[in-house]
2 protein chains.
Amino acid sequence: MMIADDLLLMIPGPTNLPPEVQEALGRPAFYHRGSDFAALIAACNDGLKKVFQTENDVLILTSSGSGAVEAAIVNVLSPGDRVLVVEGGKFGERMGEIAASFGADVDKFVVEAGRAADPAEVRSRLSGHKALLFVQNETSTGVRQDADLLAAAGRDAGALVIADTVSSMGGMSIPCDAWGLDVVASGSQKAFMLPPGLAFAMMGARAWEANATAKMPRSYFDLKAAKKSLEKGQTPFTPNVSMIRALGVALDLMLGEGLDNVWRRHHALANACRAWVKASGLDLLADEPHCSDVVTAVRSPEGTSSKDLVSRVRDNHRILISGGQGDLAGKIFRIGHMGCCQLDGLLRTLEATSLELQGLGFATDLAVGLDAARAAYKAGL
Amino acid sequence: MMIADDLLLMIPGPTNLPPEVQEALGRPAFYHRGSDFAALIAACNDGLKKVFQTENDVLILTSSGSGAVEAAIVNVLSPGDRVLVVEGGKFGERMGEIAASFGADVDKFVVEAGRAADPAEVRSRLSGHKALLFVQNETSTGVRQDADLLAAAGRDAGALVIADTVSSMGGMSIPCDAWGLDVVASGSQKAFMLPPGLAFAMMGARAWEANATAKMPRSYFDLKAAKKSLEKGQTPFTPNVSMIRALGVALDLMLGEGLDNVWRRHHALANACRAWVKASGLDLLADEPHCSDVVTAVRSPEGTSSKDLVSRVRDNHRILISGGQGDLAGKIFRIGHMGCCQLDGLLRTLEATSLELQGLGFATDLAVGLDAARAAYKAGL
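Residues numbered from 1 in each chain as written. Chains lettered and ligands numbered in written order. Predicted model: local features only at pLDDT ≥ 70, side-chain atom pairs only at ≥ 80, totals over all residues.

This part covers the overall build of chain A. In terms of helices and strands, chain A carries 14 helices and 13 strands. What you see for chain A is a C-alpha radius of gyration of 21 Å, in line with the 21 Å of a compact globule of 381 residues. Counting only C-alpha atoms, chain A reaches 60 × 50 × 40 Å along its principal axes. By residue count, 60% of the 381 residues in chain A fall in the buried class. (Helix = DSSP H or I, 4+ residues; strand = E, 2+ residues; numbered from the N terminus. Rg over C-alpha atoms; globule rule 2.2 N^0.38 Å. Buried ≥ 20, exposed ≤ 12 C-beta atoms within 10 Å, placed from the backbone.)

What follows is the structure, given as structure tokens:
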């Protein structure tokens, strides 16, 4: 089976893997109920707690990020519970679908693609809801929500605050405890520099309280069972030991760089990408103050489709960027700048994208765009 | 983080990985919605259909094997459905727990550890049950059920037949279609020679029919969504692309060896292990005609605990065998002989185990045991 391994992945996940992570993934399998595994999972939990900025355990699930989102919902809610879901893109939609699948009574607060939810408006809509659900970083639009303000609104209304941070955790500072996020879900294949296949779930004190009476059915995603097992250095089900070994390596890399530096690097890369967008005469999809630090969504110039752009950048430059999803297909392109991404890779991507936009008939000055990106990177550090 | 990579894994999963699989795991991540992935997942589905001996798609989930067992249950049942669960060990128990978690009305047919269920007795207990659930190969006891006869009993009673083959599929011939298994779950870390982290689910025509009205909630484990995505060469959620690439490699290895040869090798290894047990003056836990081809459970000789045995074999020989689980802790030891296991590794394991049994005061003749194993391997081929 031929898989092209020469592509630079500048999509919002899966991301490129550092060589240390690849090396770890290629090592032998090992026993999941021995002392080596117990030490490993304890170290991973410690590292994840730093990344999540929480005193609570961060439970490791063998699943995609969406598995952790399901876990975040079914461990604290009961069928019939009214919940308010902020929906500003594909992943907000998915959060509502998961909650509805398990019998929640879902109210949606739909936000236009590219806009963040106004926390005051969310506050005014909350009334008798058991939980407020939102995607902190909407991968489909490149929008970062004001998670701190949304959390405050949720808590003031007596609602549990459930946040999907699948694409952002690790790439942006999300102080879970300080912001009062009760349940937080994330995944391995974005800022954690790993392949897809592990997911993370954090539950705070209020969430564990809700867990005691939460009636949505759960077995594989039972976080109480995961917490009990973690105390013995285990997981309830045979976990992906290879990925957890690689997680240990990735966390060492992140903590070695320093989380503040990691977040600053992501911020600077995002700054550079946005500066390139503007200097190139392109338009950001997202409202600029709410632009994400890990992925940038750009409107396709009039008369062009991002489908063509993505193909040309891939075929002519061996760089993979993303198009839009659902209604946004063709209308936007997205550049991921997360994980082990560095300025050099981003500049190559921006150069290739400018060239191919020119090829599609869009007039843009290559040097102006790249200079702006370089300057903004420095300013963002 | 130090993880001992020099251990020979002779436990019933995770198993040793072939070098080709390790190499594949250590390669770069790649995009899960591109043509490379579509070709890969189609090839994996083709290979899995051969292993499962089915005309139905085999859906690939990013989870532990227990995730596929949950999927097998929640996709065809509704809360309140009466089901009969054959429970002959830890994994049978887990199947019942999963069904109960999602609201099934669970009747248990408890079989003594080490015995297979009598199909006639199962037949007589089936009455108005929506499904019959059983673990085809109970990893905790080394017992193989008569899956063909159980399936016939289930079908004759109008019940769906749901089988957990997590530890056996790939290592034993389980003709899913010919035997009339309606839903079959398996996992990656046993006979498939992969780390844990992928799971497989096959649904037959009767299962899809049941799926249309099955009301147990599901989102991450929604197999209809998985089937719909597979038709587009995708998965509903970002899958573990690294593991699926390695699955492609592992399936090539299995099909290259020839499935008949793979199954024969497993059978010969099991034969060898059982011959060693008997020639060494030890007792099998399992009723011999129902002994598994992938794992052998042996009673600890009187006055010894398998906990000591496992430690000594590990520390003095760098070989990992398993003890017992739950009530069987200390009372049995288990030797896994699945995946890329060959006679040489098994003989090393048997020799080390004999030596350490001697060290624990059990009188056994090393040469007699090993000669019996060698002869039985040849006879089993």
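All names here are of chain A. Domain parsing of chain A yields domain 1 (19-256) and domain 2 (258-380). Computed over C-alpha atoms only, the centres of domain 1 and domain 2 are separated by 27 Å. At the interface, 24 residues of domain 1 touch 22 residues of domain 2. Going through the elements one at a time, helix H2 (35-52), strand E7 (143-144) and helix H10 (241-257) are the ones with two or more residues in the side of domain 1 that touches domain 2. (Domains from an automatic or database assignment. Contact = placed C-beta atoms within 7 Å.)

At an RMSD of 0.0 Å, chain A and chain B line up after a rotation of 180 degrees and a shift of 0.0 Å along the axis. Overall, the copies show the geometry of a two-fold rotation axis. The position closest to the rotation axis in chain A is occupied by the C-alpha of Gly26(A), lying 2.1 Å away. Interface overlap between copies: 100% of the residues of chain A at the interface are likewise at the interface in chain B, consistent with a symmetric, same-surface contact. (Least-squares fit on C-alpha atoms with pLDDT ≥ 70 in both.)

Bringing the sheet that holds strand E10 (residues 199-203) of chain A into the picture now. Residues and elements named next belong to chain A. Ordered by their spatial adjacency, seven strands build an open sheet running E2-E10-E9-E8-E5-E3-E4, and the pairing between neighbours is mixed. Two strands lie at the open edges of the sheet, namely strand E2 (58-61) and strand E4 (105-110), each paired on one side alone. Pairs of neighbouring strands in the sheet enclose a mean axial angle of 20 degrees, with direction left out of account. Relative to E10, strand E9 (residues 183-187) runs antiparallel, the two being bridged by five bridges. When the bridges of E10 are listed, Gly-187 appears paired with Ala-199. Strand contacts of helix H3 (residues 65-74): E2, strand E8 (160-164), E9 and E10, with the helix running at about 170 degrees to E9, the strand carrying the most contacts. Sitting on the sheet, helix H6 (residues 147-156) is in contact with strand E5 (131-135) and E8, with an inclination near 150 degrees to E8. (Pairing = 2+ DSSP bridges. Axes fitted to C-alpha atoms, helices over the stretch in contact; angles between N-to-C directions.)

Moving on: the interface of chain A and chain B. At the junction of the two partners, chain A supplies 55 residues and chain B supplies 55 residues. Ranked by the residues each element gives to the side of chain A that touches chain B, the list is headed by H10(A), at five residues. Tallied by class, the residues present in the side of chain A that touches chain B amount to 26 nonpolar, 21 polar and eight charged. (Nonpolar A, V, L, I, M, F, W, Y, C, P; charged D, E, K, R; others polar.)

What sets the pattern is the α-helix's 3.6 residues per turn: residues three or four places apart point alike. Residues and elements named next belong to chain A. Where H6 is concerned, the buried positions are Ala-147, Leu-150, Ala-151, Ala-153 and Gly-154. Taken down its axis, H6 places every buried residue within 160 degrees of arc, on the same side. Elements that come into contact with the buried residues of H6 comprise helix H5 (119-125), E5, E8 and helix H7 (176-179). Two residues or fewer past H6, Gly-158 is found with a positive phi of approximately 75 degrees. (Arc of directions from axis to C-beta.)

Let us look at the packing of helix H13 (residues 343-359) of chain B against helix H14 (residues 366-380) of chain B. Residues and elements named next belong to chain B. Contact geometry of H13 with H14 gives a least axis separation of 10 Å together with a crossing angle of 155 degrees. Comparing the axis directions of H13 and H14 gives the class roughly antiparallel. Note that H13 runs across H14; the crossing there is right-handed. Of the residues in H14, those in contact with Leu-343, Leu-347, Leu-350, Glu-351, Ser-354 and Leu-355 of H13 are Leu-366, Gly-369, Leu-370, Ala-373 and Tyr-377. Of the residues assigned to the contact of H13 with H14, the class counts are eight nonpolar, two polar and one charged. (Parallel < 35°, antiparallel > 145°, perpendicular 65-115°, else oblique. Left-handed = near helix turned anticlockwise from the far one by under 90°.)

Here we come to the sheet that holds strand E8 (residues 160-164) of chain B. Residue and element names in this part refer to chain B. Taken in spatial order, the seven strands of this open sheet run E2-E10-E9-E8-E5-E3-E4, and their pairing is mixed. Of all the strands in the sheet, just strand E2 (58-61) and strand E4 (105-110) have a single pairing partner and so form its edges. Strand-to-strand twist across the sheet, computed as the mean angle between neighbouring axes with direction ignored, equals 20 degrees. As paired elements, strand E3 (residues 82-87) and E4 share six bridges and run parallel to each other. Across the sheet, the residue bridging to Val-83 is Val-106, located in E4. Contacts from helix H6 (residues 147-156) reach strand E5 (131-135) and E8, with the element oriented near 150 degrees to E8.

As a further point, take helix H3 (residues 65-74) of chain B. Residues and elements named next belong to chain B. Burial analysis of H3 places ten of its ten residues in the buried class, the great majority of the element. Among the residues of H3, Gly-65, Ser-66, Gly-67, Ala-68, Val-69, Glu-70, Ala-71, Ala-72, Ile-73 and Val-74 are the ones counted as buried. The elements touched by buried residues of H3 are E2, helix H4 (90-101), E8, strand E9 (183-187), strand E10 (199-203) and helix H9 (223-231).

Residue and element names in this part refer to chain A. Running from N to C, helix H12 (residues 306-317) and helix H13 (residues 343-359) point in directions that differ by 120 degrees, and their axes come no closer than 9 Å. One finds that H12 runs oblique with respect to H13. Taken as a pair, H12 and H13 cross one another with a handedness that is right-handed. Of H13, the residues touching H12 (which contributes Leu-309, Arg-312, Val-313, Asn-316 and His-317) are Ala-352, Thr-353, Glu-356, Leu-357 and Gly-359.

Further remarks concern the environment of Leu347(A). Residues and elements named next belong to chain A. Within the secondary structure layout, Leu-347 lies in helix H13. When the 17 C-beta atoms within 10 Å are taken as the criterion, Leu-347 is described as partly exposed. Excluding anything up to four places from it in sequence, Leu-347 contacts Leu-370 and Ala-373.

Core analysis: the biggest nonpolar cluster contains 287 residues, and Ala201(A) and Ala201(B) have the highest contact counts within it. Apart from residues lying up to four places away in sequence, Ala201(A) is in contact with Leu59(A), Leu61(A), Ala68(A), Ala71(A), Ala72(A), Ala185(A) and Leu223(A). (Core = buried A, V, L, I, M, F, W, Y, C linked by C-beta atoms within 7 Å.)

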